[in-house]
Protein chains: 2
Amino acid sequence: MKVSTKGRYAIRLMIDIGIQSNGYVRLKDVARRQEISIKYLEQIVGLLQKAGLLLSSRGAHGGYRLSKDPYDYNMGEILKATEGSLSPVSCLEDEVNNCLRYNICSTIKFWQGLNDVINEYLDNHTLGELMEIEKNLKEKNIDYSI
Amino acid sequence: MKVSTKGRYAIRLMIDIGIQSNGYVRLKDVARRQEISIKYLEQIVGLLQKAGLLLSSRGAHGGYRLSKDPYDYNMGEILKATEGSLSPVSCLEDEVNNCLRYNICSTIKFWQGLNDVINEYLDNHTLGELMEIEKNLKEKNIDYSI
DNA sequence: TGATTTCCTAGTAAACCCATAGTATAATCA
DNA sequence: TGATTATACTATGGGTTTACTAGGAAATCA
Ligand code: FES
Ligand code: FES
């Protein structure tokens, strides 16, 4: 019942890129700030870009930037892009690969309910919100250091 | 973000044992009804018993039975006994193995919120409820077969 | 051209999941 | 008591997933 590093790193990466407001952000810098291997970030960022959540620019002075307003991203779409399905049991996954016990199963409704509360939470929180928290946190840290 | 088979099988096993109202239930029968390997069930049942959720009786006519009223079990405790911690990120796990970025992390509140909605859902659903669904399902199936 | 940065594909060590095997131990009944 | 039945406990292995690491091709800019 864990979100993998891919999903967690993706969120931190999106916040980091979103907060650098000007132009494209190099992965090298994200890696340094977030203390995550650049090679691993490359893989994660590939998933986000394929899902249309990030835009890229190759070559010198290249990098990544958000493809839309931070408040238009919900956490569900970011996690789904990196984690795949978020449903807590595979029986809920898709119609193709259906569970054989689906019709005689007394637990599926219970799992469906869990899936619903998880998705409702994730879909109602935006990247913009988390960026605000990050900004506040940074200000506080600057205050303390004075 | 998946509940493993251990947790899912544990719930089905608890429902199965709970529904056989008289005396101890043999694992062999549970295995047959639920189509789960008896040897794998042994491992799972061991965890549930250690957590005090089941009582066992060895020897002939032995087996397992619930240790309390079905409505006094919530799904959270059953899953915790088999899955371990249910928190969606390890940063929330325990104070001992703390995340180094905890104090400068802008995402921890978000994860805490997710953890809260999950636990609220799980703690507010009981084994008794699921047993009712199972009973209704059985009745329906009997009706159809007539 | 040369420096830089993304993009793509393999590879790997460790962890975890699922299941099987075998032995030990206890209860029951003839 | 001795045979039978049934659970407890321990060990182990194959398969999959996770979390990285590595190398190099392709694209872009100065
Ligand atoms: S076991 Fe798959 S639907 Fe319940
Ligand atoms: S990364 Fe551990 S608390 Fe945020």
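To be clear, the structure that these remarks concern was listed above.
So, how was this worked out
- Residues numbered from 1 in each chain as written.
- Chains lettered and ligands numbered in written order.
- Predicted model: local features only at pLDDT ≥ 70, side-chain atom pairs only at ≥ 80, totals over all residues.
- Heavy atoms only, no water.
- Least-squares fit on C-alpha atoms with pLDDT ≥ 70 in both.
- Contact = heavy atoms within 4.5 Å.
- Helix = DSSP H or I, 4+ residues; strand = E, 2+ residues; numbered from the N terminus.
- Phe/Tyr/Trp six-rings, centres within 6.5 Å; stacked < 30°, edge-to-face > 60°.
- Buried < 20%, exposed > 50% of the residue type's maximum accessible area, 1.4 Å probe, protein only.
- Lys NZ or Arg CZ within 6 Å of the ring centre and 35° of its normal.
- Axes fitted to C-alpha atoms, helices over the stretch in contact; angles between N-to-C directions.
- Left-handed = near helix turned anticlockwise from the far one by under 90°.
- Nonpolar A, V, L, I, M, F, W, Y, C, P; charged D, E, K, R; others polar.

Caption draft 1: Local environment of the relation of the copies chain A and chain B. Expressed as a screw operation, the relation of chain A to chain B combines 0.0 Å of axial shift with a rotation of 180 degrees, fitting to an RMSD of 0.1 Å. Seen this way, the second copy is the image of the first under a two-fold rotation axis. Taking the C-alpha atom as reference, chain A places M1(A) closest to the rotation axis, 2.4 Å from it. A share of 100% of the interface residues of chain A reappears at the interface of chain B, consistent with the copies meeting face to face through the same patch.

Caption draft 2: Seen up close, the environment of K39(A). With respect to the helices, strands and loops of the structure, K39(A) is situated in helix α3 (residues 38–50). For K39(A) and L27(A), which are 12 residues apart along the polypeptide, the C-alpha to C-alpha distance reads 9.2 Å.

Caption draft 3: Focus on the packing of aromatic side chains. By the definition in use, this model includes 6 aromatic pairs over all chains. Taking the centre distance of 5.8 Å and the plane angle of 80 degrees together, the rings of Y9(B) and Y40(B) count as edge-to-face. Of this pair, Y9(B) sits in helix α1 (residues 5–19) while Y40(B) sits in helix α3 (residues 38–50), and the two are 31 residues apart along the sequence. Classification of Y9(B) as buried rests on a relative accessible area of 19%. Taken together, F110(A), W111(A) and Y121(B) form an aromatic cluster joined through their ring pairs. When the ring centre of Y73(A) is taken as origin, the NZ or CZ atom of K68(A), which lies over that ring, is 5.0 Å away.

Caption draft 4: A look at the packing of helix α1 (residues 5–19) of chain A against helix α2 (residues 27–34) of chain A. All names here are of chain A. Direction vectors running N to C along α1 and α2 enclose 115 degrees, while the axes themselves pass 10 Å from each other. Regarding α1 and α2, the two cross each other, and that crossing is right-handed. Of the residues in α2, those in contact with R12, L13, D16 and I17 of α1 are L27, V30, R33 and Q34. Of the residues belonging to the contact of α1 with α2, the class tally is 4 nonpolar, 1 polar and 3 charged.

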